[in-house]
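Architecture at a glance
So you can see what is in the structure, the chains are spelled out below.
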Amino acid sequence: MEPSRLARSATDLAHAAAQGEPVLADVLHLLDRAVGADVLNSSVAVPMDGAPPRTTVTMLHAPPLTPDEEAGWVRLVPTHPFARSLADGRLRTARLTDTMTIRELESLEVWETLLRPRGSRYQLAATLQADATALTLISLWREHRDFSAEEGELVEVVRRALVAALEFHSAMDRLRALAGPPESGDVLTPRQAQVCALVARGLTNAQVATRLGLSERTVRKHVEDAFARTGCTSRTALALWWRSSGMVADPPLSPRASPTAS
């Protein structure tokens, strides 16, 4: 994959992650096209402290983990030297062979029990969250050849953008929690509020346009903008949001203008 194409795709995924959309499966497909691997997976909240598992694993080019494999990973990940090195809190992209040799890997129970049956010998891991209690990462696996330093650098570029997007979304969530439910006046422009009030009463775009002296196209644009500002995805949801905001009365209407007024 050309670097420019990788950059555009990674940018789109980072923007989606910043909005709270699930993107890890798409990231796996992107890295597969950009770097290539026999198997790829994302592992969310792998416990490193023996706590009850809350792990979510998404696989690419391989069947889902069996219940026995899931239990095996929970038990054996804390014993894996490479996993322990990734859980030190320093978010990064690293190769298994940066930490240990393949001979050392093949002496471990985690290799014999979990990795060997799936042909997963060489690993390139990009950590998204890491501490002593849990590990979230994206892993690329190959059976017969290691990943190059250049391939690791490509994955690291994507990892940094994704981590920044996830941190931004988390920070915005905390701010929204502190701010409480938004008032409609904090979210919508006066014209959008007028449109929402009429949509909440069940008026169609054509009826709203007639009532406000706007073109139907302009009303449709105001409704789309209100969707974007409130996070609603339907007229019904927008009406419910409007009513829950406490702004149940119609806002003042402008004098009836020509259908091109905005």
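These notes cover the structure that comes with them. (Residues numbered from 1 in each chain as written. Predicted model: local features only at pLDDT ≥ 70, side-chain atom pairs only at ≥ 80, totals over all residues. Heavy atoms only, no water.)

1. Some points on the side chain of S120
Within the secondary structure layout, S120 lies in the loop between helix 6 (109–115) and strand 4 (122–130). Excluding residues that lie within four positions of it along the chain, S120 makes contacts with W111, L115, W141 and R142. (Helix = DSSP H or I, 4+ residues; strand = E, 2+ residues; numbered from the N terminus. Contact = heavy atoms within 4.5 Å.)

2. Regarding unusual backbone geometry
Even without being glycine, A45 reaches a positive phi, approximately 60°. The buried category is assigned to A45, whose relative accessible area is 13%. Its identity as a non-glycine residue notwithstanding, H61 has a phi of 70°, on the positive side. Positionally, H61 belongs in the loop between strand 2 (56–60) and helix 3 (67–76). (Buried < 20%, exposed > 50% of the residue type's maximum accessible area, 1.4 Å probe, protein only.)

3. Points about the packing of helix 10 (residues 205–212) against helix 11 (residues 216–230)
At a minimum axis separation of 8 Å, helix 10 and helix 11 run at an interaxial angle of 110°. It follows that helix 10 is roughly perpendicular to helix 11 by the angle criterion. Counted together, N205, A206, V208 and A209 of helix 10 and E216, V219, R220 and V223 of helix 11 form the full contact between these two elements. (Axes fitted to C-alpha atoms, helices over the stretch in contact; angles between N-to-C directions. Parallel < 35°, antiparallel > 145°, perpendicular 65-115°, else oblique.)

4. Looking at the nonpolar core
Judged by nonpolar contacts, the single largest core of 28 residues is most densely connected at V27, L31, I138 and L140. Elements with a minimum of two residues in this core: helix 1 (3–18), helix 2 (24–34), strand 4, strand 5 (134–142) and helix 7 (149–179). Among all residues touching L140, those that are not within four sequence positions of it are L31, V35, G36, A37, V39, L40, Y122, Q123, L124, F147 and V155. Counting 27 residues, the second largest nonpolar core, distinct from the first, contains M59, L65, L105 and L114. (Core = buried A, V, L, I, M, F, W, Y, C linked by side-chain atoms within 4.5 Å.)

5. Here's the deal with the pattern of salt bridges
Tallying each qualifying case throughout the model produces eleven salt bridges. Close ionic contact of D98 with R95 constitutes a salt bridge, the shortest N to O distance being 3.3 Å. The exposure class assigned to R95 is partly exposed, which follows from its relative accessible area of 23%. One connected set of salt bridges, linked through shared partners, spans D88, R90 and R92. (Salt bridge = Lys/Arg side-chain N within 4 Å of Asp/Glu carboxyl O.)

6. Examining the sheet that holds strand 1 (residues 39–47)
Taken in spatial order, the five strands make up an open sheet running 2-1-5-4-3, and their pairing is antiparallel. Two strands bound the open sheet, and with one partner strand each, they are strand 2 and strand 3 (93–95). Between one strand axis and the next, the sheet turns by 20° as a mean value, whatever way the strands run. Note: strand 4 against strand 5, eight bridges, orientation antiparallel. What sits directly across from A126, in strand 5, is I138. Where helix 2 meets the sheet, it contacts strand 1, strand 2, strand 4 and strand 5, and its direction lies at approximately 145° from that of strand 1. (Pairing = 2+ DSSP bridges.)

7. A look at helix 12 (residues 235–244)
Every buried residue belonging to helix 12 is among L238, A239, W241 and W242, and all of these are buried. The arc enclosing the buried residues of helix 12, seen along the axis, measures out at 160°, which places them on a common side. Exposed positions of helix 12 whose direction lies more than 90 degrees from the buried face are T236, L240 and S244. (Arc of directions from axis to C-beta.)

That is the geometry; function is a separate question.
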